[in-house]
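# Architecture and fold: a report
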Amino acid sequence: MDSEGSRKPWRVLEFYSGIGGMRYSLLKAAVNATVVEAFDINDVANDVYQHNFGHRPFQGNIQTLNAADIDSYNADAWLLSPPCQPYTRQGLQKGSSDARASSFLKVLELVSQLLRPPSYLFVENVVGFETSDTHAILVEILEKNNFVTQEFILSPLQFGLPYSRPRYYCLAKRKPLSFEVPKFNNQLLRTPGPLLGQTESTMEKEQLQSPEYWDELLQACQPVDDFLVFKTFGNGNDLSTCSFHANDSVKSDRGDEENNVYFVPSSLIERLGSAMDIVYPHSKRCCCFTKSYYRYVKGTGSLLATVQEKTGNRTPSLHDLSLRYFTPKEVANLHSFPEDFQFPQHISLRQRYAMLGNSLSVGVVAPLLQYLFINPS
């Protein structure tokens, strides 16, 4: 196995860098690597990235990059998290014919034109990408350029995190490099077994879909309470230190947007009722937070009850639960972003939720990157 301390750091290009989830994953993985350039067309996301890493990503259209541009970075690895809208269940699922897929396809086409193609490639996207024609193009290009792949669909729940967010991942290495568990080459796996050094056959799809499998995972997850900034009852930073405002919000004494707590208006509770996903601090699961969280309630992420499920023999009504939104910092915590991650003050609340909804789970990607960069001797 390569000794991390005995060679120069891997040179990494980070495409669709967003607010830095991939770079945080690289840091958490403790891989000996340095990001030589990041690319993102969104200037607000680049503000956040620059605020946290002290470097502003390249903001031009990456479709304008040519092979000579990429070769000039002398990169060993590409990390890519391309737009997911062409592949989402809610979208039109136009795949490669969607204009938002074109930049990713252009970057892939460059691989065969490079004098120095990358040795490692990592792609993250939504579940559904694996059945798209874009995926077929990705696999074909990687095969033609001498890459071996291992693909995964994994959720943070499988890593002890109380967050249901299954995502597709493609790990690719250019030969003669190989994976630590090569028996899973060119397979799509739904368990993190190889990351844990497990070489036995993976579970059957029926087992993975069984309630028993997921119940066992939930038992091993941390409670939601471990990720909260504002504790809703019990000890800690509780809401009694904040003051109420007329817009269904609670504002921290510190006065910044990051430390405001927003409650769900009664009118929404009345209208949506049981359609809301409600969790408690002791819960071991919450739903995926989308980029529309806070703008909409139904199907965009979980709401947190700030009142206990039962007081004596009385079960509180939905109104009595004082439902609130998770704060952006709490969503970042569930993404496993580090404690020192921050948004610049000028970023609005909606923008924070939207960028977090477009980001990734560091707690899942970090072990995947560790696995990718390990090279058997």
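Residues numbered from 1 in each chain as written. Predicted model: local features only at pLDDT ≥ 70, side-chain atom pairs only at ≥ 80, totals over all residues. Heavy atoms only, no water.

## Notes on the overall build of the protein
The number of helices and strands found in the protein is eleven helices and 13 strands. Relative to its 377 residues, the protein shows a buried fraction of 53%. Across the protein, contacts joining residues at least 24 apart in sequence account for 69% of those joining residues at least 6 apart. Summed over its atoms, the accessible surface of the protein is roughly 17,100 Å², and 48% of this surface lies on carbon and sulfur atoms. (Helix = DSSP H or I, 4+ residues; strand = E, 2+ residues; numbered from the N terminus. Buried < 20%, exposed > 50% of the residue type's maximum accessible area, 1.4 Å probe, protein only. Contact = heavy atoms within 4.5 Å. Areas by Shrake-Rupley, 256 points an atom, 1.4 Å probe, with all protein chains shown as cover.)

## Considering the UniProt feature "active site" (unreviewed entry) in the protein
In the numbering used here, UniProt assigns the "active site" (unreviewed entry) feature to Cys84. Along the chain, Cys84 turns up in the loop between β3 (77–80) and α4 (102–110). With residues near it in sequence (within four places) discarded, Cys84 still touches Asn125 and Val126. (UniProt positions renumbered as here; feature names shortened; annotations may be inferred.)

## Some thoughts on the sheet that holds strand β2 (residues 33–39)
Ordered in space as β2-β1-β3-β4-β6-β5-β7, the seven strands form an open sheet in which the pairing is mixed. Each of the sheet's edge strands pairs with one partner strand only, and the pair in question is β2 and β7 (188–189). Across eight bridges, the pairing between strand β5 (residues 147–154) and strand β6 (residues 167–174) is antiparallel. Of the residues in β6, the one forming a bridge with Val148 is Lys173. Relative to β6, helix α11 (residues 362–373) is tilted by about 15°, and along the sheet it contacts β1 (10–15), β3, β4 (120–126), β5 and β6. (Pairing = 2+ DSSP bridges. Axes fitted to C-alpha atoms, helices over the stretch in contact; angles between N-to-C directions.)

## Overview of α11
Since there are 3.6 residues in each turn of an α-helix, residues three or four apart along the chain are aligned in direction. Along its twelve residues, α11 runs 16 Å from first to last C-alpha, staying within 8% of the 16 Å computed at 1.5 Å per residue. Every buried residue of α11 is listed here: Val362, Gly363, Val364, Val365, Ala366, Pro367, Leu368, Leu369, Tyr371, Leu372 and Phe373. Those residues of α11 hidden inside the fold are in contact with β1, α1 (21–28), β3, β4, β5 and β6. (Expected span 1.5 Å × (residues − 1).)

## Considering the side chain of Asn145
Structurally, the position occupied by Asn145 is in the loop between α5 (133–144) and β5. Not counting the four nearest positions on each side in its chain, Asn145 is found in contact with Val111, Ser112 and Arg174.

## What about the environment of Gly193?
In this structure, Gly193 sits in the loop between β7 and α6 (205–208). Note on Gly193: relative accessible area 6%, which makes it buried. In the structure, Gly193 is positioned twelve residues away from Val181 in sequence and 9.7 Å away in space, judged by C-alpha atoms.

## Digging into unusual backbone geometry
Pro176 follows Lys175 through a cis peptide bond whose omega is 15°. Looking at the secondary structure, you find Pro176 in the loop between β6 and β7. In this structure, Ser322 is a non-glycine residue whose phi angle is positive, near 50°. Relative to the elements of secondary structure, Ser322 occurs in the loop between β12 (303–305) and β13 (323–325). When its relative accessible area of 29% is taken as the criterion, Ser322 is described as partly exposed.

## Section: the pairing of β1
A large share of β1 lies buried, amounting to five of its six residues. Here β1 runs beside β2; their pairing, made up of six bridges, is parallel. The partner of Val12 across the bridge, within β2, is Val35. This β-α-β element, β1 to α1 to β2, shows right-handed connectivity. As judged from the four bridges shared by β1 and β3, these two strands associate in the parallel manner. When the bridges of β3 are listed, Phe15 appears paired with Leu80. (Right-handed = clockwise from strand over helix to strand, strands pointing away.)

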